[in-house]
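# Structure assessment
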Amino acid sequence: MDYKQQIADILAANTGLESEKIYSLIEIPPQLEMGDYAFPCFILAKTLHKAPPMIAAEISSSLDLGGTVLTVKNAGPYINFYIDRSALASGVVGEIIRSGSGFGSSSEGCGKTVIVEYSSPNIAKPFHVGHAFTTILGNSLARIYKKLGYNVIRMNHLGDYGTQFGKLITAYRLWGDEEALNEDPIKELLRIYVKFHQEEKENPELTTSARENFRKLEEGSPDEVALWQKFRDMSLVVFKKLYDRIGVDFDNYNGESFYSDKIPEIVDILNEKGLLVESEGAKVVMLEDEGLPPCIILKSDNTTIYASRDLASALYRYRTYHFDKNIYVVGNTQALHFKQVFAVLKKAGFDFADNCEHVAFGLVKFKDMKFSTREGNVVLLEDLLNESVNKTREIIENNAKERGQDMPEEEINDIAEKLGVGAVIYTFVKSGRERDIVFSWDEMLDFNGDTAPYLIYTYARTRSILRKAESMGINKDDGDCLELLTGDDEYALIRALSEFGNSISKAASSNEPFMIARQIAEIARAHNRFYNNSSILNCDNDDLRKARLALCEAVCTAIREGLDLLGINTVERM
Ligand code: ARG
């Protein structure tokens, strides 16, 4: 609950000032005795022709605060608002306990459809960390929209088409090794692709052959289609293994190839509207009015291009799903491409262009990491995950040794996998997406830092208290004692919990999952302060003990649901 907003709305209804204006004037008093929020009345003096203290007194005595957890008192020119801690605790903790895994859900997206396009790797190319960024970000956004009740369509716009497939077909016929392909398809396809580019410099006939093969592919010639299909199928097997590992899924894999036969219609539409012009043999749409370079639709040999496939895809998506929002989670290096595509759609009279959005993100960098770059000069997601899981396993083993704990190997492996993968995912979603990400083992595996291991550890430790309570036969509170949760640490924690739902809405409206990451990190920190300063199981007041256990349960629900929205798994013990 945004209490500041609530106060602004109440005051707006009582003063005639705009709620936004009031919101900007509300202060957080330096001392708690002066309230949780304060509104200075100076701004009303002119219109009401009264002294600010008098205004404050009058308004405070007449405000209707019914249905809120607020109380009000004036002091000098200020109207001070106090949150009733008992009412807040009963309301917030009670609601979380009642809603369980539904906590944070809402119906704001009811009846609306959002398409989230993410991952979209290129067939026959290694799955590098740049593709990990879109995959992880997009997966989180899809989960967030779903939680808010939207109908979500998760699309993988595979890079499975284009002139490079002409090159691959030529290269495979010349140098392809079937056995190597079966063994490690992406490695073999990359090998022949790189070789093609080396040989092409000396041998221009290769270029001609590749172009010819792509043309045949577009025309549906069976031999070329069969080879292309084989490359695509084999690459997808590799990608799907990775997707499974990081818990990512799609509703469809309509790649660029899917739109190839839908381009003639786009060309016709653009022609009819008189938008298509010849330029150096190619067909383009001029966008100088939009301050953009021309968008090429057909190349001089009449073959299609990346942008034309995106135009066909946008139209297809609209016709098929009637989306309210169509978002493309793609690196910011493609910002110009999407501006051009959306501008062409708009020019062609498709108003749904206004509901298309490029959700961009920054680059991925590495601080204290060395990878043997197996393939090309890129870091592969698989290597990053493996290394993270291995390092996590070492940490867990050492911790267990220190505590004299004997953990079965299988359990260690399971925890290491979840924490190690979670640590990588969290690094991608913990900051604003447009910022470059810097990976550092020290930071991302710090069990006390702003990391997935810290959050998962907080969760697991709290779960163990709840298990212990259960085994001692202590029941959690059924609601009656929650009003006892009024201590400063409890209050801070409950305030953080009360912001959870809000953080989900904000994450969706700005397409920024980090808002949820930040909120659960704050909940975990507040919880650990509460946990360190208060006795829970040993609390000598039975009612308070029950209430505190209920608070622990609420914290677990929030952390688990929050991590789930980011695409991260929890463990029950560690
Ligand atoms: N396959 C492209 C790449 O790896 C990304 C595709 C982005 N999506 C789109 N609709 N253009 O760079």
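What counts and how
Numbering of residues starts from 1 in every chain and runs along the sequence as written. Thresholds applied to this predicted model are a pLDDT of at least 70 for local features of residues and 80 or more for the giving and counting of side-chain atom pairs; totals over whole chains, interfaces and linings are not thresholded and use all residues. Hydrogens are left out, water is left out, and the side-chain values use all remaining heavy atoms of the structure. Here, proximity means that at least one heavy atom of the residue falls within 4 Å of the molecule or strand. N or O atoms closer than or at 3.5 Å make up a polar contact, with two conditions inside protein: a donor-capable atom paired with an acceptor-capable one, and, for residues adjacent in sequence, both atoms drawn from side chains. Using a 1.4 Å probe, accessible areas were evaluated by the Shrake-Rupley method; residue-level cover was limited to the displayed protein chains. All amino acids are sorted into three groups, where Ala, Val, Leu, Ile, Met, Phe, Trp, Tyr, Cys and Pro are nonpolar, Asp, Glu, Lys and Arg are charged, and the leftover types, Gly among them, are polar. What is meant by a nonpolar core is a set of buried Ala, Val, Leu, Ile, Met, Phe, Trp, Tyr and Cys residues, joined one to another through side-chain atoms within 4.5 Å. Relative accessibility decides the category of a residue: with a 1.4 Å probe and only protein chains considered, values under 20% of the type maximum give buried, values over 50% give exposed, and everything between is partly exposed. Secondary structure counts use DSSP, requiring at least four H or I residues in a row for a helix and at least two E residues in a row for a strand, with both numbered from the N terminus. We call two residues in contact when some of their heavy atoms are within 4.5 Å. Stacked, edge-to-face and tilted are the three classes for Phe, Tyr and Trp ring pairs, Trp counted by its six-membered ring, which pair at centre distances within 6.5 Å; planes under 30 degrees apart are stacked, over 60 edge-to-face, the rest tilted. Each ring is checked for a lysine NZ or an arginine CZ that lies within 6 Å of its centre and within 35 degrees of its normal; such an atom marks a charge sitting over the ring.

Moving on, we come to the site of the ligand. Around the ligand sit Glu117, Ser120, Asn122, His131, His157, Tyr306, Asp310, Tyr328, Val330, Gln334 and Phe338, and that is every residue in its neighbourhood. The contact in question runs from a nitrogen atom of the ligand to an N or O atom on the side chain of Glu117, over 2.7 Å. Note that an oxygen atom of the ligand is positioned 2.8 Å from one of the side-chain N or O atoms of His131. Considered on its own, the ligand offers 350 Å² of accessible surface; in the complex 89% of this is hidden by protein. Tallied by class, residues from the shell around the ligand come to four nonpolar, five polar and two charged.

Let us now look at the nonpolar core. Core analysis: the largest hydrophobic core is formed by 159 residues, its most contacted members being Val116 and Leu497. Element by element, the count of residues in this core is highest for helix 22 (residues 542–566), at 14 residues. Sequence-distant contacts of Val116, that is, excluding residues within four places in its chain, are made with Gly138, Leu141, Ala142, Tyr145, Val152, Ile153, Arg154, Met155, Ile327 and Val329. Formed by 36 residues, the second largest nonpolar core is a distinct cluster that contains Ile115, Leu275, Phe323 and Val344.

Bringing the packing of aromatic side chains into the picture now. Under the definition given, this model contains 25 aromatic pairs. Seen in terms of ring centroids, Tyr243 and Phe250 are 5.0 Å apart; in terms of plane orientation they differ by 65 degrees. Their pairing is edge-to-face. Here Tyr243 falls in the buried class, since its relative accessible area comes to 1%. Between Phe428 and Phe439, the ring centres sit 5.2 Å apart and the planes meet at 70 degrees, which makes this aromatic pair edge-to-face. Separated by eleven residues along the polypeptide, Phe428 in helix 16 (residues 409–429) and Phe439 in strand 12 (residues 437–439) bring together distant segments of the chain. In this structure, Phe428 and Phe439 share a single accessibility class: buried. Each residue in the set Tyr118, Phe127, Phe239, Tyr243, Phe250 and Tyr253 is aromatic and connected to the rest through ring pairs, giving one cluster. One residue, Arg85, lies across the ring of Tyr491, its end atom 4.1 Å from the ring centre.

With respect to the secondary-structure elements, Tyr306 resides in helix 13 (residues 306–321). Separated by 31 residues in the primary sequence, Tyr306 and His337 place their C-alpha atoms 9.2 Å from one another. Leave out the neighbours within four places in its chain, and Tyr306 touches Glu256, Gln334 and His337.

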